[in-house]
Amino acid sequence: MSPSTRHRARWGRRTIALVGCVLVASAAVGGSQGPPPVAGSGEASTGRPARRSFPAVLHSTPTAAFVDPSGEPLLLVGLNVVPIWSNDPGRTWPEGTYRRIRHAGFTVVRFVLYWDDFEPNRGDWDQVNLSTLDTAVRRAKAAGLYVILDEIHLVGPGGFDHVPRWARTGDSVTTVERNGAAYLRMLASRYRTERAVAAYDPVNEFHRWPIDQNGVLRAYDHLIRQIRSVDPERIILVEPTYGDTSVAGGLADLSNLTDKRNVVWSIHDYFAGGDDDGYGADGSQVGSYTWNGTAGYPVPDPRALERHLLVQLEKARSARLPVWIGEFGIGERAVNRDRWIDDQVRLFDKYALGRAWWEYDGAGPFSATNRDASWKPWVRRLVGTQSGIG
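Calculation notes
- Residues numbered from 1 in each chain as written.
- Predicted model: local features only at pLDDT ≥ 70, side-chain atom pairs only at ≥ 80, totals over all residues.
- Heavy atoms only, no water.
- Axes fitted to C-alpha atoms, helices over the stretch in contact; angles between N-to-C directions.
- Helix = DSSP H or I, 4+ residues; strand = E, 2+ residues; numbered from the N terminus.
- Parallel < 35°, antiparallel > 145°, perpendicular 65-115°, else oblique.
- Left-handed = near helix turned anticlockwise from the far one by under 90°.
- Contact = heavy atoms within 4.5 Å.
- Nonpolar A, V, L, I, M, F, W, Y, C, P; charged D, E, K, R; others polar.
- Phe/Tyr/Trp six-rings, centres within 6.5 Å; stacked < 30°, edge-to-face > 60°.
- Buried < 20%, exposed > 50% of the residue type's maximum accessible area, 1.4 Å probe, protein only.
- 1 Å grid on protein atoms, 1.4 Å probe; cavity = no way out; pocket = protein on both sides within 12 Å on 5 of 7 lines; lining within 4 Å.
- Points joined across faces, edges and corners; volume = space filled by probe spheres on them.
- Pairing = 2+ DSSP bridges.
- Right-handed = clockwise from strand over helix to strand, strands pointing away.
- Polar contact = N/O pair within 3.5 Å; in protein donor to acceptor, adjacent residues only side chain to side chain.
- Salt bridge = Lys/Arg side-chain N within 4 Å of Asp/Glu carboxyl O.

Draft legend 1. Focus on the packing of helix 4 (residues 127-142) against helix 6 (residues 181-191). One can describe the packing of helix 4 onto helix 6 by two numbers: an axis separation of 12 Å at closest approach and a directional angle of 45 degrees. Considered as vectors, helix 4 and helix 6 are oriented oblique to each other. The way helix 4 lies across helix 6 gives a crossing that is right-handed. Residues Leu130, Ser131, Leu133, Asp134 and Val137 of helix 4 touch helix 6, and the partners they reach there are Met186, Leu187, Arg190 and Tyr191. Its residues assigned to classes, the contact of helix 4 with helix 6 comprises six nonpolar, one polar and two charged.

Right under this line is the structure:
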């Protein structure tokens, strides 16, 4: 479960102009001007980091979510970004935004997409928004960033806030399984030759209550087959119900995923303690979670954070699936914000897990930027010790 927000409306011409001013007037968190070197692939004789090919055709292994053609794992660390603004069609983040993200040490952006922006009527593709998405992908690529497409971002009651009205039938699982495949195939066809698109995250946080992990997994299995019919090798991310509910023991049977090639288990980790591992017997969330933007970390407990993460890691490992953290975040004014970030980042680094902070932009409590588009001072904590492509 994550913040059910949609911040596109705040970003218009005035803010884009401010972004440009900030790019000129302020230094990035950890960068200088010009494209930074591709990090982490060894030292050249000059003492500078050696460069590796970007973008590369990535694949996954049972132990690493993103691996380059040489077999070297890439720890992709980044931000969730909304690239399509329905209130201002055709406009999106300027090139400088992505350069700043890369200079700050990030290596990936997870593009949060809303189905109703692209298919308002069945089979009627919004060409303006598709062209805008092409522009966003191109600009991220030019800055040296990989892209993960979060294609059907479910939010709001039942997950239906931005599901096209024509598509709604039953709950979100039934709706997407029956009516979402054509949209996912369309995006796969559009980006199947684009190496900068590292992965598809077809559905953000399937909503189904009572929790039914196996029903969700069967829906994913169907959607994976649909995507593979168009783009056979792309990495595909799969999430537990609501992004973070327990899959321990008999709660989930990962054999429901019949094709695990280049499939990555992705969770949204907002747990902040208050329980031994954050899960009830039915798999639901128990304890404290930060996704509401106000809950903090009043009693730091890194061991509880690790137990929580291990529920997901151990299940994924048993199915030979690697793990990537699609979302994590804590509100700006939450108690012990920095300690929670530090504990989570240390934990993710310990297990060599890439991740994406929720979120880059906006005036909400999770925003990594101020209203003038400058970085918030704690952003440098997000990168950790293993950042870089490689």
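Draft legend 2. View of the packing of aromatic side chains. This model, assessed by the stated rule, comprises 17 aromatic pairs. On the numbers, 5.2 Å between centres and 75 degrees between planes, the contact of Phe206 with Tyr220 is edge-to-face. You can see Phe206 sitting in the loop between strand 4 (197-204) and helix 7 (213-228) and its partner Tyr220 sitting in helix 7, a full 14 residues away along the chain. Across the pair, Tyr220 and Phe206 agree in class, each one buried. Residues Tyr270 and Phe366 carry aromatic rings whose centres are separated by 6.3 Å and whose planes lie at 85 degrees to one another, so their mutual orientation is edge-to-face. Here the residue Tyr270 occupies a position in the loop between strand 6 (263-268) and helix 8 (302-318), and Phe366 occupies one in the segment after strand 8 (355-357), the gap between them amounting to 96 residues. For Tyr270, a relative accessible area of 0% gives the class buried. The rings of Trp85, Trp93, Phe106, Tyr360 and Trp375 are connected pair by pair, giving a single aromatic cluster.

Draft legend 3. Spatial organisation of the layout of surface pockets. Put simply, the largest pocket is a space of about 330 Å³. Lining the largest pocket are 20 residues; nearest its centre among them are Thr63, Ala64, Tyr351, Ala352 and Leu353. Secondary structure elements with two or more residues in the lining of the largest pocket: helix 8 and strand 7 (323-328). In terms of residue class, the lining of the largest pocket is made up of 15 nonpolar, four polar and one charged.

Draft legend 4. Spotlight on the sheet that holds strand 4. Taking strand neighbours around the barrel as the criterion, the eight strands line up as 1-2-3-4-5-6-7-8 in a closed arrangement whose pairing is parallel. Along the sheet, successive strands turn relative to each other by an average axial angle of 25 degrees, direction set aside. Where helix 4 meets the sheet, it contacts strand 2 (108-112), strand 3 (146-153) and strand 4, and its direction lies at approximately 170 degrees from that of strand 2. Packed on one face of the sheet, helix 8 meets strand 6 and strand 7 and runs near 170 degrees to strand 6.

Draft legend 5. Structural view of the pairing of strand 7. When you tally the buried positions in strand 7, you get six out of six residues, the bulk of the element. Both strand 6 and strand 7 contribute to a ladder of four bridges, which runs parallel. Residue pairing in the sheet places Trp265 in a bridge with Val323 of strand 7. Following the chain from strand 6 across helix 8 to the adjacent parallel strand 7, one finds a crossover that is right-handed. In this fold, the crossover linking strand 7 to strand 8 by way of helix 9 (residues 337-350) has right-handed handedness.

Draft legend 6. Main features of the side chain of Ser367. One can find Ser367 in the segment after strand 8. By relative accessible area, Ser367 is classed as buried at 0%. Here the side chain of Ser367 touches Tyr360 through a polar contact of 3.4 Å, landing on its backbone oxygen. Polar side-chain contacts of Ser367 include one of 2.8 Å to the backbone oxygen of Thr369. Discounting chain neighbours no more than four positions away, the residues touching Ser367 are Glu359, Tyr360, Asp361, Gly362, Lys376 and Trp378.

Draft legend 7. Focus on the pattern of salt bridges. Inspection of every chain in the model, using the stated rule, returns 23 salt bridges. Of the charged contacts, one joins Arg261 and Asp259 as a salt bridge, the two residues approaching to 2.9 Å between their closest N and O atoms. For Arg261, a relative accessible area of 40% corresponds to the partly exposed category. What emerges from the salt-bridge pattern is a single network uniting Glu332, Arg337, Asp338, Asp342, Lys376 and Arg381.

Draft legend 8. Broad picture of the environment of Leu145. Relative to the elements of secondary structure, Leu145 occurs in the loop between helix 4 and strand 3. Residue classification places Leu145 among the buried residues on the basis of a relative accessible area of 0%. For Leu145, the contacting residues outside a window of four places in its chain are Phe54, Tyr98, Ile101, Arg102, Phe106, Thr107, Val108, Val109, Ala140 and Ala196.

Draft legend 9. Molecular detail of the environment of Arg371. Within the secondary structure layout, Arg371 lies in the segment after strand 8. For the pair Arg371 and Asp361, spaced 10 residues apart in sequence, the C-alpha separation works out to 8.6 Å.

Draft legend 10. Broad picture of the packing of helix 6 against helix 7. The N-to-C vectors of helix 6 and helix 7 enclose an angle of 40 degrees; their axes lie 8 Å apart at closest approach. It follows that helix 6 is oblique to helix 7 by the angle criterion. The handedness of the crossing between helix 6 and helix 7 is right-handed. Facing helix 6, whose interface residues are Ala181, Leu184, Arg185 and Ala188, helix 7 presents His222, Leu223, Gln226 and Ile227. In terms of residue class, the contact of helix 6 with helix 7 is built from five nonpolar, two polar and one charged.

The values are spatial; any link to function lies outside them.
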